[in-house]
Amino acid sequence: MKLTLYAVGSKMPNWVTQGFEEYSRRFPRDLSFHLVEIPAGKRGKNADIARILEKEGELMLNAIPKGNRIVTLEVEGQPWTTSKLASQLERWQLDSRDVALLVGGPEGLAPACIKASEQKWSLSPLTLPHPMVRVLIAESLYRAWSVNTNHPYHRE
């Protein structure tokens with residue numbers, strides 16, 4: 001199975017790239033984890049935010065291969081503990097479809113992305129910096145995998 005994080009924005013600080021890569025490279029071959037960056041629309045003083053969101057959403061959905069399970073990351077989504085995420089990861093693996101995890105830009109995800117999602121996941125009720133979210137998702141999923149495989153990374 002393949003996990004892919006589709007995130008709006010590019011040109012992240014080095015610590016974000018290094019943090020994401022540190023966890024993504026730890027995944028086994030049969031559960032790979034990748035990042036696809038979606039270019040953020042230009043936001044200025046008189047920017048048409050609805051149009052920008054629509055374009056970002058279109059780019060994001062077009063980048064996802066057909067048949068993928070779409071999971072959006074939203075403040076209003078379901079909060080999952082580590083053990084709940086581990087169970088969720090197990091169910092995804094049994095389903096044998098690849099999983100697309102979607103993270104929006106500063107204004108969130110396009111309505112089309114939210115509509116296309118099968119599940120909504122919330123990392124926190126807090127608004128988190130989008131660069132940090134990439135690292136948190138990678139670490140959380142790696143930890144969930146380690147729980148499922150009794151890997152020593154996760155200690156309770």
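This one's a predicted model, so the numbers in the text were calculated from it and none came from an experiment.

A short note on the UniProt feature "binding site: S-adenosyl-L-methionine" (unreviewed entry) in the protein
Here is step 1: As annotated by UniProt and renumbered to match this structure, "binding site: S-adenosyl-L-methionine" (unreviewed entry) occupies Leu 73, Gly 104, Leu 123, Ser 124, Pro 125, Leu 126, Thr 127 and Leu 128. Of the annotated residues named above, the ones that line the largest pocket are Leu 73, Gly 104, Leu 123, Ser 124, Leu 126, Thr 127 and Leu 128.
Here is step 2: Summarising the element assignment, Leu 128 is placed in the loop between strand S5 (119-122) and helix H5 (130-148).
Here is step 3: Not counting residues up to four positions away in its chain, the partners in contact with Leu 128 are Leu 123, Val 133 and Leu 136.

Topic: the sheet that holds S5
Here is step 1: In spatial order, the strands read S2-S1-S4-S3-S5; together these five strands make up an open sheet with parallel pairing. Either end of the sheet is taken by a strand with one partner, and the two such strands are strand S2 (32-38) and S5. Strand-to-strand twist across the sheet, computed as the mean angle between neighbouring axes with direction ignored, equals 30°.
Here is step 2: Here five bridges tie strand S1 (residues 2-8) to strand S4 (residues 99-103), and the two strands are oriented parallel to one another. Each bridged residue has a counterpart across the sheet, and for Ala 7 the counterpart in S4 is Val 103.
Here is step 3: Across the face of the sheet, helix H2 (residues 49-63) comes into contact with S1, S2, strand S3 (69-79) and S4 while running at roughly 165° to S1.

Considering the nonpolar core
Side chains that are nonpolar tend, in soluble globular proteins, to be buried together.
Here is step 1: In this structure, Leu 3, Phe 33, Trp 92, Leu 101, Trp 121, Ile 137 and Leu 141 are the most contacted members of the largest nonpolar core, which totals 26 residues.
Here is step 2: If you list the elements that add at least two residues to this core, you get S1, helix H1 (14-24), S3, helix H3 (82-95), S4 and H5.
Here is step 3: With seven residues, the single largest contributor to this core is H5.
Here is step 4: With residues near it in sequence (within four places) discarded, Trp 121 still touches Val 71, Thr 72, Leu 73, Glu 74, Gly 77, Gln 78, Trp 80, Leu 85, Leu 101, Ile 137, Ser 140 and Leu 141.

Some thoughts on the side chain of Ser 122
Here is step 1: Mapped onto the elements, Ser 122 comes out in strand S5.
Here is step 2: For Ser 122, the side chain forms a polar contact with the main-chain oxygen of Val 75, separated by 3.2 Å.
Here is step 3: At 3.1 Å, the side chain of Ser 122 and the backbone oxygen of Ser 124 are in polar contact.
Here is step 4: Setting aside its immediate chain neighbours within four residues, Ser 122 contacts Glu 74, Val 75, Gly 77, Gln 78, Pro 79 and Trp 80.

Reading the values: rules and limits
Residues numbered from 1 in each chain as written. Predicted model: local features only at pLDDT ≥ 70, side-chain atom pairs only at ≥ 80, totals over all residues. Heavy atoms only, no water. UniProt positions renumbered as here; feature names shortened; annotations may be inferred. 1 Å grid on protein atoms, 1.4 Å probe; cavity = no way out; pocket = protein on both sides within 12 Å on 5 of 7 lines; lining within 4 Å. Helix = DSSP H or I, 4+ residues; strand = E, 2+ residues; numbered from the N terminus. Contact = heavy atoms within 4.5 Å. Pairing = 2+ DSSP bridges. Axes fitted to C-alpha atoms, helices over the stretch in contact; angles between N-to-C directions. Core = buried A, V, L, I, M, F, W, Y, C linked by side-chain atoms within 4.5 Å. Buried < 20%, exposed > 50% of the residue type's maximum accessible area, 1.4 Å probe, protein only. Polar contact = N/O pair within 3.5 Å; in protein donor to acceptor, adjacent residues only side chain to side chain.

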